[in-house]
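Fold and geometry: a report
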Amino acid sequence: MSKVFDFKTNGKTTVTVENGFIKISRRGLMNRINNGGGDKNIRINSLSGVQVKKPGLTTGYIQFIFSGSKDSTGVMDAVKDENTVIFNKPEYDQALELRDYVEELMNQPSSSQTAATTISIADELLKLKQLLDAGVLSQEEFDTQKTKLLNN
């Protein structure tokens, strides 16, 4: 599923979230002056956080943080940071929606984690079945352990 967020009040920036990536597309003169414009792709599973600064007297920003990235210490840093999107007051709710959506995706288990868990449960069930067949476990003990594994 693809979600697109347009931030137009401060440099024409579009953020597209799809296929495990955040794509930041910058257009317009202000973006070229501040950080060269262009596109930036960030893998969602590399993120360690998302920071939103509410606009006040100055603009607000949403920053995508990952290992090796630099945390913005204010708007002046954020304007030049390629992992940050600047916005004005009318776009604050959209920035919060983007943050919440990305954090939701960050908290989903990856497909490799799910596959490893499934294999692990299958291995445990096989071991339990072997113990049942060998007479080490009763049918009741087998059923109890099987239920515990499948409900985790």
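Read on for a plain summary of the structure. Keep in mind the model is a prediction, meaning the values are calculated, not measured. (Residues numbered from 1 in each chain as written. Predicted model: local features only at pLDDT ≥ 70, side-chain atom pairs only at ≥ 80, totals over all residues. Heavy atoms only, no water.)

Applying the stated rule across the entire model yields two aromatic pairs. Aromatic side chains Phe-7 and Phe-87 sit 6.0 Å apart centroid to centroid with 35° between the ring planes, which places their arrangement in the tilted category. Of this pair, Phe-7 sits in strand β1 (residues 3-7) while Phe-87 sits in strand β7 (residues 84-87); the two residues are 80 residues apart in sequence, bridging distant segments of the chain. A residue is classified by how much of its surface remains accessible, and Phe-7, at 0% relative accessible area, is buried. One aromatic cluster is present, formed by Phe-7, Phe-87 and Tyr-92 through successive ring pairs. Residue placement shows Lys-3 over the ring face of Tyr-101; its charged tip is 4.7 Å from the ring centre. (Phe/Tyr/Trp six-rings, centres within 6.5 Å; stacked < 30°, edge-to-face > 60°. Helix = DSSP H or I, 4+ residues; strand = E, 2+ residues; numbered from the N terminus. Buried < 20%, exposed > 50% of the residue type's maximum accessible area, 1.4 Å probe, protein only. Lys NZ or Arg CZ within 6 Å of the ring centre and 35° of its normal.)

Residue position: Ile-121 is located in helix α4 (residues 111-133). Considered as a pair, Ile-121 and Lys-146 are 25 residues apart in the sequence and their alpha carbons are 9.3 Å apart. Discounting chain neighbours no more than four positions away, the residues touching Ile-121 are Leu-149 and Leu-150. (Contact = heavy atoms within 4.5 Å.)

Turning our eyes to something else, we now look at the sheet that holds strand β4 (residues 38-43). Across the sheet, which stays open at both edges, the four strands sit in the order β1-β2-β3-β4 with antiparallel pairing between neighbours. Each edge of the sheet is formed by a strand with only one pairing partner; in this case those strands are β1 and β4. Here the strands of the sheet are splayed against their neighbours by 15° on average, with no regard to which way each runs. Here strand β2 (residues 13-18) runs beside strand β3 (residues 21-26); their pairing, made up of six bridges, is antiparallel. Counterpart to Thr-16 in the pairing with β3 is Lys-23. (Pairing = 2+ DSSP bridges. Axes fitted to C-alpha atoms, helices over the stretch in contact; angles between N-to-C directions.)

Turning next to the nonpolar core. Formed by 19 residues in total, the largest nonpolar core has its most connected members in Phe-7, Val-15, Val-17, Ile-22, Phe-64, Leu-98 and Val-102. Contributing elements (two or more residues each) for this core: β1, β2, β3, β5 (47-53), β6 (60-66), β7 and α3 (92-106). Ignoring any residue separated from it by four or fewer positions in sequence, one finds Val-15 in contact with Lys-3, Val-4, Phe-5, Phe-7, Ile-22, Lys-23, Ile-24, Val-85 and Leu-98. Formed by five residues, the second largest nonpolar core is a distinct cluster that contains Leu-132, Leu-137, Phe-142 and Leu-149. (Core = buried A, V, L, I, M, F, W, Y, C linked by side-chain atoms within 4.5 Å.)

Looking at the secondary structure, you find Asn-83 in the loop between α2 (75-80) and β7. A residue is classified by how much of its surface remains accessible, and Asn-83, at 5% relative accessible area, is buried. Looking at Asn-83, its side chain comes within polar contact range of the side chain of Lys-40, at 3.0 Å. (Polar contact = N/O pair within 3.5 Å; in protein donor to acceptor, adjacent residues only side chain to side chain.)

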